[in-house]
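Working through the structure, step by step
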Amino acid sequence: MKNGFTTTILHSDLESPIEHFSVHKPMHAAVAFGYPDARDLAKVFKGEAPGYAYGRQGNPTTTALEVKISKMEDGIATACFSTGMAAIAATFVALLRAGDHVVSSSFLFGNTNSLFGTFNTLGCEISFVDATDVENVARAIRANTRLVFVETIANPRTQVADLARIGELCASHGLLYVVDNTMTSPYLYQPKRNKAGLIINSLTKYIGGHGNALGGAVTDTGLFDWTRFSNIYDNYKNAKPALWGILQIRKKGLRDVGSTLAAEPAHRLATGAETLALRMEKSSDNALQLARFLAGHPKVTKVYYPGLEDHPQHRLAKELFKTFGALMSIELADGIDCFDFLNRLKLVISASHLGDNRTLAIPVAHTIYWEMGPQRRAEMGIADSLIRLSIGIEDLDDLKADFAQGLNG
Ligand SMILES: *Cc1c(COP(=O)(O)O)cnc(C)c1O
């Protein structure tokens, strides 16, 4: 990026001519693309010419968003999907085979945890480790380890992975390093700086920001040497080696599974992305102020937020990220029922989802982490009374007043 972050996103579409001098890439809803010369259609199928063949494999509006995400992550190519989960699933379907081993952080988004359980039953073994310390990752690596998977700031307890040292470790072993950057977004953190090979983003969260469209993305940073990856199919080796990984993810993941990001949500996500930096600054600032306010409140016994000095990875977060993000979790004093507290809040919405402009709260053990059961919840440090807060961009005084009345009620 030679311009700044926001300038680059705002002017990305205009780098190629758009009809009628439109300033946005239009929504291309067509499923089929008609070629005046049928030979050109064949060339597109063979990968000999750029172009579109069928809507399941992409459309020009989604491509425009992919270009933006590549710029945000300083990557060489991005593939978009209908959801963040689809992006993770497609990556695993495309790149793993039975008998492979994966090292994953044990602090995971709930549905990612469930998905990895499915891969376990399909013959891939996943080792879960505490990724806040690189030593745990190092100990879990085996001869058949194909990739290492971590999230930046974990949900809901906000553990920060030892991202830089894990990157060094993967580089020294020639291992594919996959980072789910959803919680930080490319504005707060670029995993490429710490040698990630692939970056996952749920676009549904901060990048889209408005809670009105689902989407996901996989970005190849260009750092991983795909010629050292044993699972690339021969027929994808005609492309440049740097593109083998993303090509196989597009073919085996996107095309064959069909989790396509349609033009309309792609357009909404691209519009939302224009203000990513502004929203992240405001919501992170709100979050830091609120975390301090809540930490000092007698009715709150614990606040988990990387921006607080007593957070176990505070220094790590300070080194790695531009701000400390907008997600935190709290535990309430004995005798306060978490449901009663949530019901007293007037502005803060009891809802799943995070990275929205609006502040959302959810009692995680009873909702998004219910299915995984008490043992796995205990391993992840999720108490029954834990409430996750995704802080939005509301005026800070209004949020403070709402929490104050909710706690004192
Ligand atoms: C939400 C989320 C996902 C999944 O994204 P969807 O778009 O909801 O499918 C994956 N990883 C993390 C860290 C998330 O927060």
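Residues numbered from 1 in each chain as written. Predicted model: local features only at pLDDT ≥ 70, side-chain atom pairs only at ≥ 80, totals over all residues. Heavy atoms only, no water.

Let us now look at the pattern of salt bridges. One pass over the full model with this rule turns up 15 salt bridges. Among the salt bridges present, the one from Glu66 reaches Arg250, with a minimum N-O distance of 2.8 Å. In this pair, Glu66 sits in helix H3 (residues 60–73) while Arg250 sits in helix H9 (residues 244–257), placing the two residues 184 residues apart along the sequence. Taking relative accessible area as the criterion, Glu66 reaches 8% and is therefore assigned buried. Between Arg142 and Glu125 there is a salt bridge, with the nearest N and O atoms lying 3.1 Å from each other. (Salt bridge = Lys/Arg side-chain N within 4 Å of Asp/Glu carboxyl O. Helix = DSSP H or I, 4+ residues; strand = E, 2+ residues; numbered from the N terminus. Buried < 20%, exposed > 50% of the residue type's maximum accessible area, 1.4 Å probe, protein only.)

A separate point is the packing of aromatic side chains. Tallied over the full model, the rule gives 11 aromatic pairs. Geometrically, the ring pair formed by Tyr189 and Phe321 is edge-to-face, given 5.3 Å between the ring centres and 80° between the ring planes. Within this pair, whereas Tyr189 is found in the loop between helix H8 (185–188) and strand S6 (198–202), its partner Phe321 is found in the loop between helix H12 (314–320) and strand S9 (327–332), the two being separated by 132 residues in sequence. Here the two residues Tyr189 and Phe321 agree in accessibility, since each one is buried. An aromatic cluster of at least three residues, connected via ring pairs, comprises Phe92, Phe116, Phe119 and Phe149. Here Lys252 stacks its cationic end above the ring of Tyr233, 4.8 Å away from the centre of that ring. A cation over an aromatic ring shows up here: Lys322 above the ring of Tyr187, its NZ or CZ 4.1 Å from the ring centre. (Phe/Tyr/Trp six-rings, centres within 6.5 Å; stacked < 30°, edge-to-face > 60°. Lys NZ or Arg CZ within 6 Å of the ring centre and 35° of its normal.)

Here the bond from Asn155 into Pro156 is cis, since omega is 0°, no more than 30 degrees from zero. Within the element layout of this structure, Pro156 appears in the loop between strand S4 (145–151) and helix H7 (163–173). Positive phi, normally seen in glycine, also occurs at Ser185, with a value near 70°. Its location among the elements puts Ser185 in helix H8. You can call Ser185 buried: its relative accessible area is 1%.

All right, on to the domain arrangement of the protein then. The assigned domain composition of the protein is domain 1 (5–273) and domain 2 (276–408). The distance between the C-alpha centroids of domain 1 and domain 2 comes to 28 Å. Counting residues at the interface gives 45 residues for domain 1, matched by 42 residues for domain 2. Between domain 1 and domain 2, roughly 3,400 Å² of surface is buried when both sides are summed, and carbon and sulfur atoms account for 60% of that area. (Domains from an automatic or database assignment. Contact = heavy atoms within 4.5 Å. Buried area = accessible area lost by both parts, 1.4 Å probe.)

The next thing to look at is helix H4 (residues 84–95). Relative to the 16 Å expected for 12 residues at 1.5 Å per residue, H4 spans 17 Å between its end C-alpha atoms, a close match to the ideal helical length. Of the positions making up H4, those classed as buried are Gly84, Ala86, Ala87, Ile88, Ala89, Ala90, Thr91, Phe92, Ala94 and Leu95. (Expected span 1.5 Å × (residues − 1).)

On to the pairing of S6. Of all five residues in S6, five are buried; the element is thus mostly enclosed. Of the two faces of S6, the one lined by Leu198, Ile200 and Ser202 and the one lined by Ile199 and Asn201 are each fully buried. Where strand S5 (residues 176–180) meets S6, three bridges bridge the pair, whose relative direction is parallel. Bridging across to S6, Asp180 finds its partner in Ile200. (Pairing = 2+ DSSP bridges.)

Taking strand neighbours across the sheet as the criterion, the seven strands line up as S1-S7-S6-S5-S4-S2-S3 in an open arrangement whose pairing is mixed. At either margin of the open sheet sits one strand with a lone partner, and together these are strand S1 (77–81) and strand S3 (125–129). The sheet shows a mean angle of 20° between the axes of neighbouring strands, taken without regard to direction. Sheet analysis places strand S2 (residues 101–105) next to S3, joined by five bridges and oriented parallel. Bridge pairing links Ser105 to Val129 in S3. Seen against the sheet, H9 touches S1, S6 and strand S7 (216–220) and runs at an angle of roughly 15° to S1. (Axes fitted to C-alpha atoms, helices over the stretch in contact; angles between N-to-C directions.)

What follows is about the site of the ligand. The environment of the ligand is formed by Thr83, Gly84, Met85, Ile88, Phe109, Glu151, Asp180, Thr182, Ser202, Thr204, Lys205 and Gly215. Measuring from an oxygen atom of the ligand, one finds a side-chain N or O atom of Thr204 at 2.6 Å. At 2.8 Å from an oxygen atom of the ligand is found a side-chain nitrogen or oxygen belonging to Lys205. Against a free-state accessible area of 380 Å², the protein chains account for coverage of 93% of the ligand. In terms of residue count, H4 provides more of the shell around the ligand than any other element does, three residues in total. Residue composition of the shell around the ligand, grouped by class: three nonpolar, six polar and three charged. (Near = heavy atom within 4 Å. Polar contact = N/O pair within 3.5 Å; in protein donor to acceptor, adjacent residues only side chain to side chain. Areas by Shrake-Rupley, 256 points an atom, 1.4 Å probe, with all protein chains shown as cover. Nonpolar A, V, L, I, M, F, W, Y, C, P; charged D, E, K, R; others polar.)

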